[in-house]
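Each chain, letter by letter, is given below.
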Amino acid sequence: MTSTTEAARPAATGPPERATSSPGGPGPALVGVAAGAVTVGVAELLAGALLRVLGGQGTPSPLLAVGGAFVDLTPHWLKDWAVATFGTADKLVLGIGIVVTLLVLALLVGRLGVVSRTAAAAVLLLLGAVALAAVATRPSFAPLDLVPTLVGLAVGACVLWVLLGRLRAAPAAPRPGVGAGRERHTHPEAVRTDHRPAPTRRGVLGAAAGIGVLGVLGVVAGQALARTGRAAGDAVARLGLPTPRRSVKVPAEALSDVPGQTTFLTPNADFYRIDTALFAPRVDVGRWRLRVTGMVDQEIELDWAELLAQDHVEALVTLACVSNTVGGELVGNARWTGWPVRELLARAGVQEGADMVLSRSVDGFTAGTPLEVLTDDRDALIAVAMNGEPLPVEHGYPVRLVVPGLYGYVSATKWLTELKVTRFDADEGYWTPRGWAALGPVKTASRIDVPRREAPAGPVTVAGVAWAQHRGISKVEVRVDDGVWSEATLLAEPTVDAWRLWTWEWSDAEAGQHELTVRATDGTGELQTDRTAPPAPDGASGWHTVRVTVR
Ligand SMILES: Nc1nc2c(c(=O)[nH]1)N[C@H]1C(S)=C(S)[C@@H](COP(=O)(O)O)O[C@H]1N2
Ligand SMILES: [Mo]
């Protein structure tokens, strides 16, 4: 009875029959994934190699170009939702989304191959055309950028075509009526393939898996090459940074030795990064230009060598993001080297009636900055260095704006390429039509760094940082639970444009739950507001409170 059923089943349901007449099962899908992986792998490897060989001026990753185009096409509400939901992990989530999408598309292309090889190849090429369109519409596009994707597609299409064909020619497993027990010694094809090119199904699938793995390795290698290529590009700039006519030293009295407290200068590698760019644009300093346009007597175009030849200064400026929440980390302080914007604007000659400068990035981002903060005596800089090093790519290499007193979204344009002198009633920065205020002066803020959760009973050092850029900090006060406000000790304030560190000795922390609250007073004597507000539209406000368990 059992043996009858077993012998009958394959013949009755017929999978072997179907497999020999047309390639069903997981095979076609695997072939699709292999073709997809090798397409992307070859494209990424080639792009990375070009970037490496051309020293940071080669082509960008096709994958990232597709991601970038996707971000550009995403509606605002979806983008806002993604940022709100995933925070700074939004790019990781997008990356995972892209990989999953590609995987599904590749599976479908493979399955389509069961019906028609031509159709599968056509769809692969169609998807390739979409990728090419994404590459071609990137802001920094150069025709060479198309080559890696084209080559990848050619290889991928060949792999798809050949493997689907071989899969079709390969007999699946046992032939109809062949029982499992007899497979080994009655499988003539298995013996034959050892001597003749007629493929076995297993052989084809093995090849597909191998090719797929090679494709993934290609992506990894391509990304690694691109990274070293970009680093090589940075070395170009390292050869030439300006010697500032005025340099700043951070006095020891501004530095803290309290473990866990904010460091006065934020190392470049730890500096928060916020921008709309999926990947930081690679700007070739050799081709970089800064243009001054709009309401000026005379338009100006400046290249890297000309910019370096100007009179640069150093300044300590704390940069803050309007999206920073109370107690949040989207704020950092650096020593910037740059040429004062006011000197460039004076050279161009600003015309009567202008009240805004719209700065533009190579990637299309814009910021609208009030003209007056760029022309008064503050250190609004066309910055080329950050903490003594060329700007890191993610922070605007080779040139960005830094303006003391304003949130980054209305002032700190990275990968700067144009300053358009204009009017607020004629132009607006990137974020303004997206629901953020046209003006973004930094609100006075203070933060408790330590303790954050727990503290031992007895004396406890409470420490943190406060900022009110270009107004300075004159007082910081700390309160335990609903007690009285005590004045914290302020560390030195080398400039009103940077944050100020503070400490306070909590002399008698008692076991139990406590709330510590901090508030600052700015240099004009105005107390930080206790009115809580969310980041949108013009910056969060409210006092920072931490809940501490004392043991
Ligand atoms: N080109 C470009 N510049 C930009 C942005 C951007 O999206 N694109 N974001 C701005 C915002 S919102 C902030 S807070 C600062 C952050 O600078 P950072 O990434 O160097 O910290 O950059 C500003 N400059
Ligand atoms: Mo920001």
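Residues numbered from 1 in each chain as written. Chains lettered and ligands numbered in written order. Predicted model: local features only at pLDDT ≥ 70, side-chain atom pairs only at ≥ 80, totals over all residues. Heavy atoms only, no water.

How do you make sense of the overall build of the protein chain when you look at a structure like this?
A tally of regular secondary structure across the protein chain gives 13 helices and 19 strands. Residues counted as buried form 48% of the 551 residues belonging to the protein chain. Sequence-distant contacts in the protein chain: of pairs separated by 6 or more residues, those separated by 24 or more amount to 75%. Just so you have it, the protein chain exposes about 25400 Å², and 60% of that area is on carbon and sulfur atoms. (Helix = DSSP H or I, 4+ residues; strand = E, 2+ residues; numbered from the N terminus. Buried < 20%, exposed > 50% of the residue type's maximum accessible area, 1.4 Å probe, protein only. Contact = heavy atoms within 4.5 Å. Areas by Shrake-Rupley, 256 points an atom, 1.4 Å probe, with all protein chains shown as cover.)

Quick question: what am I supposed to make of the nonpolar core here?
Soluble globular proteins tend to bury their nonpolar side chains together. Ranked by size, the top nonpolar core spans 71 residues in total, and within it Leu 307, Trp 336 and Ile 382 carry the most contacts. Here this core gathers at least three residues from each of two domains, domain 2 (252-434) and domain 3 (445-550). Contacts of Leu 307, omitting those with residues within four sequence positions, involve Trp 288, Leu 302, His 312, Trp 339, Ile 382, Val 384 and Val 399. Among the nonpolar cores identified, the runner-up in size contains 21 residues, and Ala 466, Val 478, Val 480 and Leu 516 belong to it. (Core = buried A, V, L, I, M, F, W, Y, C linked by side-chain atoms within 4.5 Å. Domains from an automatic or database assignment.)

Please clarify how the side chain of Lys 414 should be interpreted in this entry.
Relative to the elements of secondary structure, Lys 414 occurs in the loop between β9 (400-402) and β10 (416-422). A relative accessible area of 8% means that Lys 414 is categorised as buried. At 2.9 Å, the side chain of Lys 414 and the side chain of Asp 275 are in polar contact. (Polar contact = N/O pair within 3.5 Å; in protein donor to acceptor, adjacent residues only side chain to side chain.)

Where do I start with the sheet that holds strand β11 (residues 445-450) in this structure?
Each strand in a sheet pairs with its neighbour through backbone hydrogen bonds, running either in the same direction (parallel) or in the opposite one (antiparallel). One open sheet accounts for 4 strands, arranged β11-β13-β17-β16; its pairing is antiparallel. A single partner strand is all that each edge strand has here, and the edge strands are β11 and β16 (489-490). (Pairing = 2+ DSSP bridges.)

Can you help me understand unusual backbone geometry in this one?
If a residue is not glycine, its phi is most likely negative; likewise, a peptide bond is most likely trans. Each neighbour pair has its own omega, and for Tyr 397 with Pro 398 the value is 5 degrees, a cis peptide bond. With a phi angle near 50 degrees, Trp 415 is a residue other than glycine that sits in the positive phi range. Tracing the sequence through the fold places Trp 415 in the loop between β9 and β10. For Trp 415, a relative accessible area of 2% corresponds to the buried category. Positive phi, normally seen in glycine, also occurs at His 470, with a value near 70 degrees. His 470 sits in the partly exposed class, given a relative accessible area of 28%.

How do you make sense of the UniProt feature "transmembrane region" (unreviewed entry) in the protein chain when you look at a structure like this?
When the UniProt feature table is mapped onto this chain, "transmembrane region" (unreviewed entry) is found at residues 29-51, 91-109, 121-141, 147-165 and 204-226. Secondary structure content for residues 29-51 is 100% helix and 0% strand, and the end C-alpha separation is 33 Å. Helix makes up 100% of residues 204-226 and strand makes up 0%, while its end C-alpha atoms are separated by 33 Å. (UniProt positions renumbered as here; feature names shortened; annotations may be inferred.)

Would you explain the site of ligand 1 in this entry?
Taken together, 19 residues form the shell around ligand 1, and within it Tyr 272, Thr 276, His 395, Arg 400 and Lys 414 come nearest. Residue His 395 places a side-chain N or O atom 2.6 Å away from an oxygen atom belonging to ligand 1. At 3.0 Å, a backbone N or O of Ala 412 approaches a nitrogen atom of ligand 1. In the complex, 99% of the free accessible area of ligand 1, which totals 530 Å², lies under the protein chains. Split by residue class, the shell around ligand 1 holds 9 nonpolar, 5 polar and 5 charged. (Near = heavy atom within 4 Å. Nonpolar A, V, L, I, M, F, W, Y, C, P; charged D, E, K, R; others polar.)

Mind showing me how you'd approach the sheet that holds strand β18 (residues 512-522) here?
Strand order across the open sheet formed by 5 strands is β12-β19-β18-β14-β15, with mixed pairing between neighbours. Of all the strands in the sheet, the pair left with one neighbour each is β12 (454-455) and β15 (486-487). Summarising the sheet, strand β14 (residues 473-480) and β15 pair through 2 bridges and their orientation is antiparallel. Across the sheet, Glu 477 pairs through a bridge with Glu 487, a residue of β15.

Mind showing me how you'd approach empty space enclosed by the protein here?
Any space left empty among the atoms is revealed by the rolling of a water-sized probe across them. If you walk through the whole model with that rule in mind, you get 2 cavities of 30 Å³ or more. Reported here for the largest cavity is a volume of approximately 170 Å³. Forming the walls of the largest cavity are 18 residues, and the residues nearest its centre are Asn 324, Thr 325, Ala 445, Trp 467 and Ala 540. Looking at which element gives the most residues to the lining of the largest cavity, the answer is β11, with 3 residues. Residues that form the lining of the largest cavity fall into these classes: 8 nonpolar, 8 polar and 2 charged. (1 Å grid on protein atoms, 1.4 Å probe; cavity = no way out; pocket = protein on both sides within 12 Å on 5 of 7 lines; lining within 4 Å. Points joined across faces, edges and corners; volume = space filled by probe spheres on them.)

Looking at this structure, I do not really get a nonpolar patch on the surface. What am I missing?
Residues Leu 92, Ile 96, Val 100, Leu 102, Val 104, Leu 105, Leu 108 and Leu 127 make up a contiguous nonpolar surface patch of roughly 660 Å² in combined accessible area. Here the nonpolar patch gets 7 residues from one element, more than from any other, and that element is helix α6 (residues 90-115). Turning to its location among the elements, Leu 92 is positioned in helix α6. (Patch = residues over 30% accessible without salt bridge, like charges linked within 9 Å, V, L, I, M, F, W, Y side chains within 5 Å. Salt bridge = Lys/Arg side-chain N within 4 Å of Asp/Glu carboxyl O.)

Help me understand helix α8 (residues 146-169) in this model?
Residues three or four positions apart in an α-helix share a direction because the helix packs 3.6 residues into each turn. Under the 1.5 Å per step criterion, the end-to-end length of α8 is 35 Å for 24 residues, consistent within 8% with the ideal 34 Å. What α8 keeps buried is the set Pro 148, Thr 149, Gly 152, Leu 153, Gly 156, Ala 157, Val 159, Leu 160, Leu 163, Leu 164 and Leu 167. (Expected span 1.5 Å × (residues − 1).)

When you look at the pattern of salt bridges in this model, what are you seeing that I'm missing?
As a working rule, side chains carrying opposite charge can pair if their charged atoms are close by. Taken as a whole, this structure holds 20 salt bridges when the rule is applied. A salt bridge links Glu 314 to Arg 335; the shortest N-O distance between them is 2.9 Å. Remark: Arg 335 occurs in strand β4 (residues 331-340) and Glu 314 occurs in strand β3 (residues 313-320); sequence separation between them is 21 residues. Look at Glu 314 and you get buried, because its relative accessible area is 8%. For Glu 515, the salt bridge is made with Arg 547, and the minimal N-O distance between the two is 3.0 Å. Of this pair, Glu 515 sits in strand β18 while Arg 547 sits in strand β19 (residues 544-550); the two residues are 32 residues apart in sequence, bridging distant segments of the chain.

It is not clear to me how the environment of Leu 345 should be interpreted in this structure. Could you clarify?
Positionally, Leu 345 belongs in helix α12 (residues 341-348). Note: C-alpha distance between Leu 345 and Val 421 (76 residues apart in sequence) is 8.7 Å.

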